[in-house]
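Chain by chain, the residues run as shown.
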Amino acid sequence: MKSWRNKAIDLIKEEQAREDYRNNNFTISDGSNKNDSSEQQQQAIVEAPLYTKLKRQYSRYYRFKVKDTINHQYLMNYFIQTEFDKDTMDFIMETPRWNFISNAANWIMSWMYTKTDIMGFIGKGNMMCLSTYQYKQILKINRTLPTIKFDEDENDEDPLKVYYDSLLDIGAGCGSTTLSMKPLFKNVTATEASKGMIYSLNRKGIDSVFCLDLETCDQLKNKQYDIVSCLNVLDRCEKPISLLNTIKKFLKPNGKLILAVVFPFNPYVEFGGIDNSPIETINLDQETLSEYVDSFNKQVFIPNNFEIDSFTVGPYISEGDALYQNYVLTDVIFVLKVKKEDYSNKISNDLMSCD
């Protein structure tokens, strides 16, 4: 175990590395600089020792292996390999940690607000699941979708291009994960049950809706979206199965759901529930990661008429503090489609309700 002296030295080195990174004091193999925003540059290999170290450190979160080849091998047909990239590096190096000032503000405000509200008001709660490029990978954008031009000036030589018209991000938190998806969409709407997080979303320029229940949210009534995202929310809501079935109503025909869940699945409900436990329980086999994915598919998705279009695994990264640079969990990110028969039943029910 490291002594406090060695830990302090490590922290000083980490902060110096962060400062060097912010000041562009590193090299990239093709000689271009950190501020080049092209997609090709975003995926360039950074030769700086710090990048190599972090890539090696985080590589385990991107691994998915099937041990039960008889029952789980089919999952490899849907798995898309992602890897540590520059956007992930940027988040790790540039996201401020909790410090004395933020901890003091948290303590003072804890007498009036929930932990989630406080993080929103003071600009904390930053998380990262996937980079923009990785979202394109799991949505198979480069292989299946043309870009959509929506710039009003047809003579513009460089019109803004997106791949989908609309995104609804459910339980968006402070909006850091929403911003990673935003470049792929013309219109983005985020929902939150925390007024502090609504404040944070508005500050980031994200159209947000305060929403405790999707079913009764007037601002979303009769609206449908190309993509609905629900990132690391299932283990934080009181009725996760009901939420999944409600989401179907907000998907356009052929729409997709991006669903992220932490491995292992350990529910904790801040708003509602019974003693911080959900009302609806999800029982999963989760001794291994492949068992976990298979269990979600067979015990949650299939019974509720969802089917896997693709999935990947990666780090779910949150901001650090005085002790740790960042906190990291393993995340499984699914892209789900609604089975055709479920849409047929929905249309029939809608017609019957009209009668």
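It should be noted that the structure appears before, not after, this text.
Let me begin by describing the structure that accompanies this report.

Cut-offs applied
Here the residue index of a chain counts from 1 through its sequence in written order. Only residues with pLDDT of 70 or above have their local features reported here, since the model is predicted, and side-chain atom pairs are shown and tallied only from 80 upward, although totals for entire chains, interfaces and linings are computed over all residues. As a rule here, side-chain values cover all heavy atoms of the structure and leave hydrogens and water aside. The buried label goes to any residue with under 20% of its type's maximum accessible area, the exposed label to any with over 50%, and the partly exposed label to all in between, with areas taken from a 1.4 Å probe on protein chains only. Going along the chain from the N terminus, every DSSP run of H or I of four or more residues is numbered as a helix, and every run of E of two or more is numbered as a strand. Should any heavy atoms of two residues lie within 4.5 Å, those residues are counted as being in contact. By nonpolar core we mean a set of buried residues, namely Ala, Val, Leu, Ile, Met, Phe, Trp, Tyr and Cys, connected to one another through side-chain atoms within 4.5 Å. Two strands qualify as a pair provided that DSSP identifies no fewer than 2 bridges between them. Classification of ring pairs uses Phe, Tyr and Trp, with its six-membered ring standing for Trp, and accepts pairs whose centres are within 6.5 Å; under 30 degrees between planes counts as stacked, over 60 as edge-to-face, and the remaining range as tilted. Two limits define a charge over a ring: the Lys NZ or Arg CZ must be within 6 Å of the ring centre, and within 35 degrees of the ring normal. Salt bridges are defined as contacts in which a side-chain nitrogen from Lys or Arg sits within 4 Å of a carboxyl oxygen from Asp or Glu. With the strands pointing away from the viewer, any crossover whose connection runs clockwise from the first strand over the helix to the second is right-handed.

**Remarks on helix α13 (residues 289–301)**
Next up, step 1: Most of α13 sits out of view: ten of its 13 residues are buried.
Next up, step 2: Within α13, burial applies to L289, S290, Y292, V293, D294, S295, F296, N297, V300 and F301.
Next up, step 3: On its buried face, α13 is in contact with α4 (69–72), α12 (240–247), β8 (251–263), β9 (306–319) and β10 (326–338).

**Considering the nonpolar core**
Next up, step 1: By size, the foremost hydrophobic cluster in this structure holds 43 residues, and its most contacted members are F296 and F334.
Next up, step 2: Listing elements by their share of this core, those giving two or more residues are β4 (164–170), β7 (225–231), α12, β8, α13, β9 and β10.
Next up, step 3: Element by element, the count of residues in this core is highest for α13, at six residues.
Next up, step 4: Ignoring sequence-local partners within four residues, the contact set of F334 consists of L257, I258, L259, V261, V293, F296, F301, I308, S310 and F311.
Next up, step 5: The next biggest cluster of nonpolar side chains, apart from the first, holds 21 residues, and it includes L130, Y164, L167 and V335.

**Let's talk about the pairing of β10**
Next up, step 1: In the sheet, β8 pairs with β10 via eight bridges, with the strands oriented antiparallel. Bridge assignment links F263 to a residue of β10, and that residue is T330.
Next up, step 2: Here β9 runs beside β10; their pairing, made up of 13 bridges, is antiparallel. Bridging from a neighbouring strand, S318 pairs with Y327 of β10.
Next up, step 3: Hairpin connection between β9 and β10: a loop of six residues separates the two successive antiparallel strands.

**Here we look at the packing of aromatic side chains**
Next up, step 1: In total, this model carries 17 aromatic pairs according to the counting rule given.
Next up, step 2: An aromatic cluster is built from F64, F79, F263, F265, Y292, F296, F301, F311 and F334, whose rings are joined through pairwise contacts.
Next up, step 3: The ring of W98 carries the charged tip of K115 above its face, separated from the ring centre by 4.5 Å.
Next up, step 4: The ring of W98 has K124 lying over it, and the distance from NZ or CZ to the ring centre is 5.9 Å.

**Digging into the environment of L201**
Next up, step 1: Summarising the element assignment, L201 is placed in helix α11 (residues 195–203).
Next up, step 2: Residue class for L201 comes out buried when judged on its relative accessible area of 0%.
Next up, step 3: Along the sequence, L201 and G120 sit 81 residues apart, while their C-alpha atoms lie 8.3 Å from each other.
Next up, step 4: Apart from the residues lying within four places of it in its own chain, the contact partners of L201 are A172, G173, C174, G175, A190, E192, I206 and S208.

**Quick word on the pattern of salt bridges**
Next up, step 1: Taken as a whole and assessed by the stated rule, the structure comprises nine salt bridges.
Next up, step 2: Here K252 makes a salt bridge to D226, at a shortest N to O gap of 3.5 Å. Here D226 lies in strand β7 and K252 lies in strand β8, a separation of 26 residues in the sequence.
Next up, step 3: A residue is classified by how much of its surface remains accessible, and K252, at 24% relative accessible area, is partly exposed.
Next up, step 4: The exposure class assigned to D226 is buried, which follows from its relative accessible area of 18%.
Next up, step 5: Through salt bridges that share partners, K140, K256, D309 and K337 make up one connected network.

**Points about the pairing of strand β5 (residues 185–192)**
Next up, step 1: Summarising burial for β5: six of the eight residues are buried, a large majority.
Next up, step 2: Handedness of the crossover joining β4 and β5 through helix α10 (residues 176–181) is recorded here as right-handed.
Next up, step 3: Both β5 and strand β6 (residues 207–210) contribute to a ladder of four bridges, which runs parallel. Note that in β6 the partner of E192 across the bridge is F210.
Next up, step 4: Where the polypeptide runs from β5 across α11 and back to β6, its parallel neighbour, the crossover connection is right-handed.

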